[in-house]
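# Descriptive analysis of the structure
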Amino acid sequence: MSRFKQIIKETDLVFIAICCTCSGLSVFSMFSIYKHTSLLDDFRPVIVQLGASIIGLLLGFLISLIDYKELCEFWKIHMAICCGLMVLCMFIGYAPPGTTNKAWIKLPLGLSLQPSELLKISTILTLSEFFEKNKYTINEVKTLVKLIGIAFVPLLFVLIQKDTGTLLIYIVMIACMFFAAGISWRFIGMCTAGGIIALPILWFTDKIDVYQKNRILALFAPEKYSSVLWQQNMGKISIGSGRILGKGFLVDNHNATPLAYNDFIFSYIAESLGFLGTVMLLLLILFLWMRILSIARRSTDSRGSLICVGIFGMLMAQTVINIGMNLSLLPVIGVTLPLFSAGGTSVVVVYCAIGLVLSVARHNPKNLFNSWMQ
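Description of the structure in this document. Counting from 1, residues in each chain are numbered in the order their sequence is written. Two thresholds apply to this predicted model, a pLDDT of at least 70 for residue-level local features and 80 or more for giving and counting side-chain atom pairs, whereas whole-chain, interface and lining totals are computed over all residues. Values shown for side chains rest on all heavy atoms present in the structure; no hydrogens or waters enter the calculation.

## Thoughts on the overall build of the chain
Put simply, the rule is: Secondary structure elements follow DSSP: runs of H or I no shorter than four residues count as helices, runs of E no shorter than two count as strands, and numbering proceeds from the N terminus. Both definitions apply: the radius of gyration is a C-alpha atom measure, and the globule rule equals 2.2 Å times residues to the power 0.38. Burial classes follow relative accessibility: with a 1.4 Å probe on protein chains only, a residue under 20% of its type's maximum area counts as buried, one over 50% as exposed, and anything between as partly exposed. Contact definition: two residues touch when any of their heavy atoms are within 4.5 Å.
If you tally the helices and strands in the chain, you get 14 helices and 2 strands. Taking 21 Å as the expected radius of gyration for a compact globule of 374 residues, we find that the chain reaches 21 Å, a close match to that expectation. Evaluated residue by residue, the chain yields a buried proportion of 49% over its 374 residues. Contacts in the chain between residues far apart in sequence, at least 24 positions, make up 70% of those at least 6 positions apart.

Right, here's the structure in full:
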């Protein structure tokens, strides 16, 4: 009993409470969508979201008890498993309704698994291990080539799946880790220049599908591509109709935004809670980011710091892209809002990532919780 009390004492309960609040709001929003709109005919996504949140919370708590250094050292095992699942996707993968990417594997009981979500966690752990082992030679050419090769493996699998949204998440996540690890500005400048040069080449060599180009062009010529922007326009109408205090949940007068329970759940919540409620929601997300970076800053080794930075990059990129989609500031590319959008694998993986952050906090010699922003 005393051991259990010690574990609870060492756990950032406020951090977990914020995550549970986000999940609770997600499940309640989906229930409201199912109950009072025609946008969700099946109650199953509500059950899946609730179950995934509970399972994810338990897994996250268990992961927090494991020393993150051991998880990094076993990188060969979890990386091999995740890559194996990605290969399996090439043969038996399927695309759920609303997407064209065959990035899911069917499981019993009508469930599914998205291996690219699991690969995010493995990539963060693997890169953290290699950055730690090569921290004194990180800017040498030989070390950079090795690190780039390791980072390219997951990117290659996502490229094969043609999942643009997930690819962007990986790029931002990996870039944050490279930057935090102390990569030289010259290398950063070379990568930036390479990216700028590659964009027009990809555009004019038809490496980007026509529908993807149209989604980008629609942001600059909305009148010409009004049909492409229809979903986003409906989302903006939802956000605007919430006004200051919102319409509330479990009411029938919500705007019919397609996929309101998934990629556009932010627009539904904004319509329900209004401007003030949306600001509170964004503050909850901001608190999570700040807490993760705070733990990263106070970690006593680079593994822990880079794990936190990688997870921050993953969550930050998903949030910014998803909200940008809802506001028509970015094209629709199928990126979910962490802990809010429907998706069992995504929710479980986010909680596992939170568990890794808590593991970094728990398994450092310093008491990280003397002051949450100290």
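Having seen the structure, we can now continue with the description.
## Details of the packing of aromatic side chains
How we decide: Side-chain rings of Phe, Tyr and Trp, where Trp is taken by its six-membered ring, are said to pair if the distance between their centres is within 6.5 Å; with planes under 30 degrees apart they count as stacked, over 60 as edge-to-face, and otherwise as tilted. A ring has a charge above it when a Lys NZ or an Arg CZ is no more than 6 Å from the ring centre and no more than 35 degrees off the ring normal.
Applying the stated rule across the entire model yields 9 aromatic pairs. Here phenylalanine 28 and phenylalanine 249 contribute two aromatic rings whose centre-to-centre distance is 5.1 Å and whose plane-to-plane angle is 70°, an arrangement assigned as edge-to-face. Note that phenylalanine 28 is positioned in helix α2 (residues 13-36) and phenylalanine 249 in the loop between α11 (230-241) and α12 (265-298), a separation of 221 residues in sequence. Judged by its relative accessible area of 34%, phenylalanine 28 falls in the partly exposed class. Between phenylalanine 249 and tyrosine 268, the aromatic rings sit 6.3 Å apart at their centres with planes inclined by 45°, giving tilted as the arrangement. One end of the pair, phenylalanine 249, is in the loop between α11 and α12; the other, tyrosine 268, is in helix α12, and 19 residues separate them in sequence. Assessed through its relative accessible area of 17%, phenylalanine 249 is described here as buried. Ring pairs connect the aromatic residues Phe28, Phe249 and Tyr268, which therefore count as one cluster. The aromatic ring of tyrosine 94 is capped on one face by lysine 106, whose charged end is 5.0 Å from the ring centroid. Sitting over the ring of tryptophan 203, lysine 213 keeps its end group 5.3 Å from the ring centre.

## As for helix α13 (residues 302-326)
Spelled out, the test is: One less than the number of residues in a helix, times 1.5 Å, gives the span that helix is expected to have.
For α13, which comprises 25 residues, the first-to-last C-alpha distance of 36 Å matches the rise-based estimate of 36 Å (1.5 Å per residue) to within 8%. Of all 25 residues in α13, 22 are buried, a share of seventy percent or more.

## Comments concerning empty space enclosed by the protein
To keep it simple, the criterion reads: Put plainly, a pocket is an open set of points on a 1 Å grid over the protein atoms alone with protein on both sides within 12 Å along at least five of seven lines, a cavity is a set where a 1.4 Å probe fits but cannot get out, and a lining residue has an atom within 4 Å of a point. Grid points are joined across faces, edges and corners, and a volume is the space filled by probe spheres set on the points. Note on residue classes: Ala, Val, Leu, Ile, Met, Phe, Trp, Tyr, Cys and Pro are nonpolar, Asp, Glu, Lys and Arg are charged, and everything else, Gly too, is polar.
This model, assessed by the stated rule, comprises 2 cavities of 30 Å³ or more. Of the voids in this model, the largest cavity is the one considered here, and its volume is about 90 Å³. Lining the largest cavity are Cys22, Ile285, Leu288, Trp289, Leu315, Thr319, Pro338, Leu339, Phe340, Val350 and Ile354. Among the secondary structure elements, those contributing two or more residues to the lining of the largest cavity are α12, α13 and α14 (344-362). The biggest single contributor to the lining of the largest cavity is α12, with 3 residues. Residues belonging to the lining of the largest cavity are distributed by class as follows: 10 nonpolar, 1 polar and no charged.

## Quick notes on the environment of serine 305
Within the secondary structure, serine 305 sits in helix α13. On the accessibility criterion, serine 305 (19% relative accessible area) is buried. Other than its neighbours up to four places away in sequence, serine 305 contacts Ala296 and Ser299.

## Describing the pattern of salt bridges
To keep things clear, this is the line we draw: Only one rule defines a salt bridge in this text: a Lys or Arg side-chain nitrogen within 4 Å of an Asp or Glu carboxyl oxygen.
This model, assessed by the stated rule, comprises 8 salt bridges. For arginine 291, the salt bridge is made with aspartate 12, and the minimal N-O distance between the two is 2.6 Å. In this pair, arginine 291 sits in helix α12 while aspartate 12 sits in the loop between α1 (2-10) and α2, placing the two residues 279 residues apart along the sequence. Taking relative accessible area as the criterion, arginine 291 reaches 1% and is therefore assigned buried. On the accessibility criterion, aspartate 12 (10% relative accessible area) is buried. Salt-bridge contacts for lysine 247 lead to glutamate 271; the nearest nitrogen and oxygen are separated by 2.8 Å. Of this pair, lysine 247 sits in the loop between α11 and α12 while glutamate 271 sits in helix α12, placing them 24 residues apart in sequence.

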